Amino acid sequence: MLRIGQIVADISLKTTAGDFGVHEYFGSSWGLLVCYVADFSAVCTDELSRLVKDFHEFESRGIKILAMSCDSINSHTKWIEDIKKVSGLKSDEEFPFPIVSDRNRMISLYLNVLDAKCIDEDGIPLPCRAAFVLAPDMTIQLIHFYPENIGRNFDEIFRTIDALQLTFKFSNDLFTPCGWKPVTDCLVSPKIPRGEIEKKFPTATVIELPSGKDYMRIVPKIEVNKKYDKEIIMHFNISK
């Protein structure tokens with residue numbers, strides 16, 4: 001079974017945009033792999049339409065999207081026209097991301113996404129609504145599983161991506177608390193010795209707890225956002 005922090009295998013893929021490997025497609029970008037149940041179904045169409053509508057939001061975060069189900073390339077190609085209609089994309093516009101065909105379920109088995117109760121007309125299991133977020137080094141950073149009858153929450157995926165990218169900018173010295181958003185305080189990693197906290201985060205506050213342990217180390221959102229914005233500016237200046 002796949003784990004957080006594990007490098008995803010370089011699987012060969014057959015997609016609506018041609019054949020390629022996982023590592024070739026994502027390259028050094030952040031990645032979102034979305035597994036869905038079946039083509040021509042209401043919730044799946046709604047979900048992929050949302051991905052189309054929010055494609056530029058993902059793109060602005062450096063996220064490349066890949067969708068997958070057990071239907072054929074021919075089925076995907078026809079279904080894309082329905083997704084375009086629902087999402088408001090014009091029929092002559094290019095669909096923004098590839099859809100993988102996993103007819104033999106080998107990729108689904110590797111990802112461990114097959115639903116125990118959701119089966120096709122031949123009695124073969126179908127994928128659940130799964131989502132994987134991959135870091136640029138191809139390590140798995142997020143795993144979300146939803147059942148067939150529940151549409152997934154892409155707002156939570158956006159929130160998690162923002163949190164992951166923030167903590168990566170700070171070399172994982174920074175943690176995000178429950179319900180974190182970009183306007184929320186953060187936490188200092190417990191791996192940093194107390195004596196070094198002030199050097200890395202001068203405005204951090206350590207809460208004195210009844211246990212005597214010093215794990216509640218708060219970094220104000222002002223300091224976090226200031227440093228984060230500076231990192232982003234430096235990144236884009238170097239890129240240019």
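Here the structure is a predicted model, which is why all the values come from computation and not from measurement.

Notes on the pairing of strand S8 (residues 129-134)
Of all six residues making up S8, six are buried, and the element is well covered by its neighbours. Residues Arg129, Ala131 and Val133 line one face of S8 and the alternating positions Ala130, Phe132 and Leu134 line the opposite face, and both faces are buried. As paired elements, strand S3 (residues 30-35) and S8 share five bridges and run antiparallel to each other. Pairing of Leu32 across the sheet is with Val133, part of S8.

Some thoughts on the packing of helix H2 (residues 42-53) against helix H4 (residues 73-87)
Helix-helix packing is described using two parameters, namely the angle between the two axes and the distance between the axes. Interhelical geometry of H2 versus H4 gives an angle of 65° and a closest axis separation of 9 Å. Considering the relative orientation of H2 and H4, their crossing is right-handed. Note on element contacts: H4 touches H2 through Trp79, Ile83, Val86 and Ser87, opposite Cys44, Thr45, Leu48, Ser49, Val52 and Lys53. Tallied by class, residues from the contact of H2 with H4 come to six nonpolar, three polar and one charged.

A look at the pattern of salt bridges
Enumeration over the complete set of coordinates arrives at 13 salt bridges. A salt bridge links Glu47 to Arg129, with the nearest nitrogen and oxygen atoms 3.2 Å apart. Residue Glu47 is found in helix H2, and its partner Arg129 is found in strand S8; the two are separated by 82 residues along the sequence. Given a relative accessible area of 4%, Glu47 falls into the buried group. Measuring nitrogen to oxygen at the nearest pair gives 3.2 Å for the salt bridge that ties Asp173 to Lys200. Linking Asp173 in the loop between helix H6 (154-169) and strand S10 (174-175) with Lys200 in helix H7 (residues 194-200), this pair joins segments that are 27 residues apart in sequence. Since its relative accessible area comes to 18%, Asp173 is described here as buried. According to the relative accessible area criterion, Lys200 is partly exposed, its value standing at 33%. When salt bridges with common partners are traced through the structure, they connect Glu47, Arg129 and Arg152 into a single cluster.

What counts and how
Residues numbered from 1 in each chain as written. Predicted model: local features only at pLDDT ≥ 70, side-chain atom pairs only at ≥ 80, totals over all residues. Heavy atoms only, no water. Buried < 20%, exposed > 50% of the residue type's maximum accessible area, 1.4 Å probe, protein only. Helix = DSSP H or I, 4+ residues; strand = E, 2+ residues; numbered from the N terminus. Pairing = 2+ DSSP bridges. Axes fitted to C-alpha atoms, helices over the stretch in contact; angles between N-to-C directions. Left-handed = near helix turned anticlockwise from the far one by under 90°. Contact = heavy atoms within 4.5 Å. Nonpolar A, V, L, I, M, F, W, Y, C, P; charged D, E, K, R; others polar. Salt bridge = Lys/Arg side-chain N within 4 Å of Asp/Glu carboxyl O.

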